[in-house]
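# Structural overview for review
Below are the chains, spelled out letter by letter.
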Amino acid sequence: MKLTLKIWRQKNRKEKGSLVEYRLENVNPDDSFLEMLDSLNYDLIVKGASPVAFDHDCREGICGMCSLFINGRPHGPDRGIATCELHMRRFNDGDTVFVEPFRAKAFPIIKDLVIDRSSFDRVQQAGGYISVNTSGNPQDANTVPIEKTIAEAAFDSATCIGCGACVAACKNASAMLFVSAKISQLALLPQGKVEAQSRVANMVKQMDEEGFGNCTNTGACEVECPKEISLTNIARMNREYFKASM
Ligand code: SF4
Ligand code: FES
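Residues numbered from 1 in each chain as written. Chains lettered and ligands numbered in written order. Predicted model: local features only at pLDDT ≥ 70, side-chain atom pairs only at ≥ 80, totals over all residues.

## Digging into the overall build of the protein chain
We apply this condition: A run of H or I in DSSP becomes a helix once it reaches four residues, and a run of E becomes a strand once it reaches two; helices and strands are each numbered from the N terminus. Neighbour density around each residue's C-beta defines its exposure: 20 or more other C-beta atoms within 10 Å make it buried, 12 or fewer make it exposed, and counts between make it partly exposed, where C-beta atoms are placed from the backbone. Residues are scored as being in contact if the C-beta atoms we place from backbone atoms lie within 7 Å.
When its secondary structure is counted, the protein chain shows 9 helices and 7 strands. Oriented by its inertia axes, the alpha-carbon framework of the protein chain measures out at about 60 × 40 × 35 Å. Classification of the 246 residues of the protein chain by burial places 36% in the buried group. Long-range contacts, defined as pairs at least 24 residues apart, comprise 70% of the intrachain contacts of the protein chain with a sequence gap of at least 6.

## What to know about the domain arrangement of the protein chain
Under the convention used in this document: Residue ranges for the domains trace back to a domain assignment, done automatically or taken from a database. Polarity classes work like this: nonpolar for Ala, Val, Leu, Ile, Met, Phe, Trp, Tyr, Cys and Pro, charged for Asp, Glu, Lys and Arg, and polar for all others, with Gly in that last group.
By the assigned domains, the protein chain splits into domain 1 (3-111) and domain 2 (117-245). When each unit is reduced to the centre of its C-alpha atoms, the spacing between domain 1 and domain 2 is 29 Å. Between domain 1 and domain 2, the contact holds 18 residues from the first and 17 residues from the second. Taken together, the residues that form the side of domain 1 that touches domain 2 break down as 10 nonpolar, 5 polar and 3 charged.

## Here we look at the site of ligand 1
The test is simple: Each residue receives a C-beta atom built from its backbone; the residue is near a molecule or strand if that atom lies within 6 Å of it.
Lining the immediate environment of ligand 1, one finds 14 residues, of which Cys-160, Cys-163, Ala-165, Cys-166 and Cys-225 sit closest. Mapped by element, the contributors of at least two residues to the shell around ligand 1 are helix H4 (165-169) and helix H5 (176-187). Top contributing element to the shell around ligand 1 by residue count: H5, with 3 residues. The class makeup of the residues in the shell around ligand 1 is 11 nonpolar, 2 polar and 1 charged.

## As for the sheet that holds strand S4 (residues 73-74)
Keep this limit in mind: What makes two strands pair is DSSP finding at least two bridges between them.
Taken in spatial order, the 5 strands make up an open sheet running S2-S1-S5-S3-S4, and their pairing is mixed. The open sheet terminates on both sides in strands that have one partner only, identified here as strand S2 (18-24) and S4. By the bridge criterion, 4 bridges tie strand S1 (residues 3-9) to strand S5 (residues 96-101) in an arrangement that is parallel. Following the sheet pairing, Ile-7 is matched in S5 by Val-99.

## Describing the pairing of S5
The pairing of strand S3 (residues 68-70) with S5 spans 3 bridges and is antiparallel. Opposite Phe-69, over in S5, you have Glu-100 as the bridge partner.

## Section: the environment of Glu-21
Looking at where Glu-21 falls in the secondary structure, it is placed in strand S2. The exposure class assigned to Glu-21 is exposed, which follows from the 9 C-beta atoms found within 10 Å. On a C-alpha basis, the gap between Glu-21 and Thr-4 in space is 6.9 Å, while along the polypeptide they are 17 residues apart. With residues up to four places along the chain from it excluded, the contact list for Glu-21 reads Thr-4 and Lys-6.

## Focus on the nonpolar core
Put simply, the rule is: Think of a nonpolar core as buried Ala, Val, Leu, Ile, Met, Phe, Trp, Tyr and Cys residues chained together by C-beta atoms that fall within 7 Å.
Core analysis: the largest hydrophobic core is formed by 58 residues, its most contacted members being Cys-166, Val-167, Ala-175, Leu-177, Phe-178, Val-179 and Met-203. With 8 residues, H5 is the single largest residue contributor to this core. When we break this core down by domain, the ones giving at least three residues each are domain 1 (3-111) and domain 2 (117-245).

## Considerations on unusual backbone geometry
Positive phi values are uncommon outside glycine, yet Arg-59 reaches one of about 55°. By secondary structure assignment, the location of Arg-59 is in the loop between helix H1 (33-46) and S3. Even without a glycine there, the phi angle at Asp-112 is positive, about 45°.

## Comments concerning helix H9 (residues 232-245)
Counted only if it meets this: The span expected for a helix works out to 1.5 Å for each residue beyond the first. As used here, the arc belongs to the directions running from the helix axis to the C-beta atoms.
Taking 1.5 Å of rise per residue, 14 residues should cover 20 Å, and H9 covers 20 Å from first to last C-alpha, within 8% of that figure. Of the positions making up H9, those classed as buried are Asn-233, Ile-234, Arg-236, Met-237 and Glu-240. The buried residues of H9 occupy an angular sector of 160° when the element is viewed end-on, so they sit on one face. Facing away from the buried side of H9 by over 90 degrees, the exposed positions are Arg-239, Phe-242, Lys-243 and Ser-245. Close packing links the buried residues of H9 with helix H3 (148-158), H5 and helix H7 (196-209).

Right, dumping it as structure tokens:
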């Protein structure tokens, strides 16, 4: 396949970036999107040019590191997959493909396509955990019976990989899908109920402090989420927040 890539290049956080054009003559349709970028980088390095910086780790949809905005959509044109699971056969010979970083004030660009998502870490650190004393004789988790439907709902929320596509998809750069998934995975379970009130209050406060916007009610986050995290998590977070405020 022949492809024209227009890739966002930016030296660092402070300098202005721009789209730079690259023409590829021999793209393997069975390559993943990241393998295609690897080939481009190989050619750039051979020519003595600077390779395109992009994030990745597991390359199998579980770590949440890959974060490309492809032709105007976080993680590209397919639903329910991360960038690393996207394959070049999804594009046509002769296509022009725009590749940009996820854009949000709370995700500043580090270099090219790499963004700083430590704001998500700080939201998580504000309350996304349960406090258990493990120094003595912790209770076996299996001794607490949990209804199957509740365990499954908690697991669905826990599949959020923290990629940030929900923020990139939202015109308000809202992180409510991410934060609500992290709150829901604990709020649904008995182990998470002890700190439920302080958790939701602290995580929402941190979310606001990081500069994420409010929910637009348009649902773009759910559509673009690679793990198809449901908007019902946001409704649950709002109920938890209301209860905590009372
Ligand atoms: S809710 Fe979905 S889009 Fe948002 S961080 Fe989690 S996995 Fe990524
Ligand atoms: S590289 Fe891990 S989810 Fe894409």
